[in-house]
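Each chain is listed here by its residues.
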Amino acid sequence: MTGMPSLPPYALALDMQAEMQDGEAPVVTMPFASKVQGRPGFLHGGAISGLLEIAAVAAIHDALRKQGSDAPIKQVNVTIDFMRGGKPELTYAQGTITRLGRTMANVSAHAWQDDPDRIIAQAHMHYLISRSRDRKAV
Amino acid sequence: MNQNSDNTVANPLASLNDRKGGFDPAMANRMMSSIGHSGFVGMEYVGHGSDWVELAFDWRDDLVADPDSGIIASSAVISLLDNACSLSIWTKLDRFRPQVTMDLRLDYLRPSPSGARVFGRGICYHMTHNIGFVRGIAHNGDMDDPLAHASGTFIRVGNILS
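An account of the accompanying structure is given in this report. If you're wondering where the values come from, they're calculated on a predicted model, not measured in any experiment.

The probe, sized like a water molecule, is rolled over the atoms to show the empty space still left. In this structure, the largest pocket spans a volume of roughly 1200 Å³. Along the walls of the largest pocket sit 37 residues, with Ile73(A), Lys74(A), Ala65(B), Asp66(B) and Ile71(B) positioned nearest its centre. Residue contributions to the lining of the largest pocket peak at five residues, all from helix H2 (residues 45-66) of chain A. When its residues are assigned to classes, the lining of the largest pocket shows 23 nonpolar, eight polar and six charged. When its volume is computed, the second largest pocket comes out at roughly 560 Å³. Taken together, 33 residues form the lining of the second largest pocket, with Gly38(A), Arg39(A), His44(A), Met32(B) and Gln99(B) sitting closest to its centre. Of all elements in the fold, only H2 of chain A together with helix H2 (25-32), helix H3 (36-41), helix H4 (74-93) and strand E3 (99-108) of chain B reach the threshold of two or more residues within the lining of the second largest pocket. Ranked by residues supplied to the lining of the second largest pocket, first place goes to H4(B) with four residues. Within the lining of the second largest pocket, the residues separate by chemical class into 15 nonpolar, 15 polar and three charged.

Take a look at the structure:
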């Protein structure tokens, strides 16, 4: 699939996949497997957090690309709220960019399973953007 | 609370409460990290005190964020500190009680370099009837050179809440 963002090894190891969306940030999926399970019968919070971070990064790269930029980014922090136990099934996450500035981005991401209205976890992150290292900048 | 509604699967860690000699974080980590996500990351027990537990995992090429630099994925550090913080609450309590992470914040001070073992210490600095308040520090072997700081809360779940 063209325009598909390449995912980091950690995300690939957990079988995450990113799917481009029309006019929205990519949706990243993570299938259930033993390697993402936490306490019996539920997803591990760390695996859900990983999915949220990957979705946030995919959203920023997507937004930068639409600006014609491939500037590298660096994550500064993350706050994750866990709202529901993750069931042993396919999990989705999508990032939302609140502000994409010159030097930083304010991003959030939310994760859901069978019902998009029932969010299982959400995260807020800050990223530094290295515009000076943008190879596409004029 | 929705996250408590389906607590039907017994947690094997509850069996630790039947043992004499209080809560054993090394044994709890062995049980937690023999399977599942903690097993995938490869978390090992390092040490503990009255209110803290330290775990670690070895660098591996499928735990990295960027194949060129080999720096560790931030998410693996979250998983490590999530477990260490959770264990610190049971250690301070000297007993297992079912709980889930309510929220967790990480500040990434520096990348964890290629090849370096990652340590995560969870500290339970306060506990109430329902909430465990935790801090965490991730490092590569020197606590004075941290790579991430964490803070968060865990909420007690299950029928003992009522």
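Next comes the rest of the write-up.
Moving on, we come to the sheet that holds strand E1 (residues 44-48) of chain B. If you trace the twelve strands from one edge of the open sheet to the other, you get E1(A)-E2(A)-E4(A)-E5(A)-E6(A)-E3(A)-E3(B)-E6(B)-E5(B)-E4(B)-E2(B)-E1(B), paired in antiparallel fashion. Either end of the sheet is taken by a strand with one partner, and the two such strands are strand E1 (17-19) of chain A together with E1 of chain B. Put simply, the sheet's adjacent strands are angled 25 degrees from each other on average, direction ignored. Bridge analysis of strand E5 (residues 131-139) of chain B against strand E6 (residues 146-156) of chain B gives nine bridges, and the strand direction is antiparallel. Within E6(B), the position partnered with Val134(B) by the bridge is Gly152(B). In the packing of H2(A) onto the sheet, the strands contacted are strand E2 (27-30), strand E3 (73-82), strand E4 (91-100), strand E5 (104-112) and strand E6 (119-129) of chain A together with E3 of chain B, and the crossing angle to E4(A) comes to about 45 degrees. H2(B) rests against E1 and strand E2 (52-57) of chain B of the sheet, and its axis sits at about 160 degrees to E1(B).

Our next topic: the interface of chain B and chain A. With 36 residues of chain B at the contact, the number on the chain A side is 32 residues. The interface formed by chain B and chain A holds zero salt bridges in total. Summed over the shared surface of chain B and chain A, the number is 14 residue pairs in polar contact (both at pLDDT 80 or more). Counting residues per element, the ones that place at least two in the side of chain B that touches chain A are helix H1 (2-5), H3, H4 and E3 of chain B. Top contributing element to the side of chain B that touches chain A by residue count: E3(B), with nine residues. Here the side of chain B that touches chain A is built from residues that sort into 16 nonpolar, twelve polar and eight charged. Alignment of E3(A) against E3(B), held across five bridges, turns out to be antiparallel.

Each value, and the rule that gives it
Sequence positions are assigned chain by chain, starting from 1 and proceeding in written order. Working convention: letters from A go to chains and numbers from 1 go to ligands, in the order in which they are written. Residue-level local features of this predicted model are given only where pLDDT is at least 70; pairs of side-chain atoms are given and counted only at 80 or more, and the full residue set underlies all totals for whole chains, interfaces and linings. Derived side-chain values reflect all non-hydrogen atoms in the structure, with water molecules and hydrogen atoms excluded from consideration. Think of a 1 Å grid over the protein atoms and nothing else: a 1.4 Å probe that fits but is trapped marks a cavity, an open set flanked by protein within 12 Å on at least five of seven lines marks a pocket, and residues with an atom within 4 Å of a point count as lining. Grid points are joined across faces, edges and corners, and a volume is the space filled by probe spheres set on the points. The helix count covers DSSP runs of H or I at least four residues long, the strand count covers runs of E at least two residues long, and both are numbered beginning at the N terminus. Here the nonpolar group is Ala, Val, Leu, Ile, Met, Phe, Trp, Tyr, Cys and Pro; Asp, Glu, Lys and Arg are the charged ones; every other residue, Gly included, is treated as polar. What makes two strands pair is DSSP finding at least two bridges between them. Lines are fitted to the C-alpha atoms to define the axes, a helix being fitted only along its stretch in contact, and any angle between axes, read from their N-to-C directions, falls within 0 to 180 degrees. Two residues form a contact once any of their heavy atoms are found within 4.5 Å. In what follows, salt bridge is the name for a side-chain nitrogen of Lys or Arg lying within 4 Å of a carboxyl oxygen of Asp or Glu. Think of a polar contact as two N or O atoms within 3.5 Å of one another; within protein, one of them needs to be a possible hydrogen donor and the other a possible acceptor, and neighboring residues in sequence only count if both atoms come from side chains.

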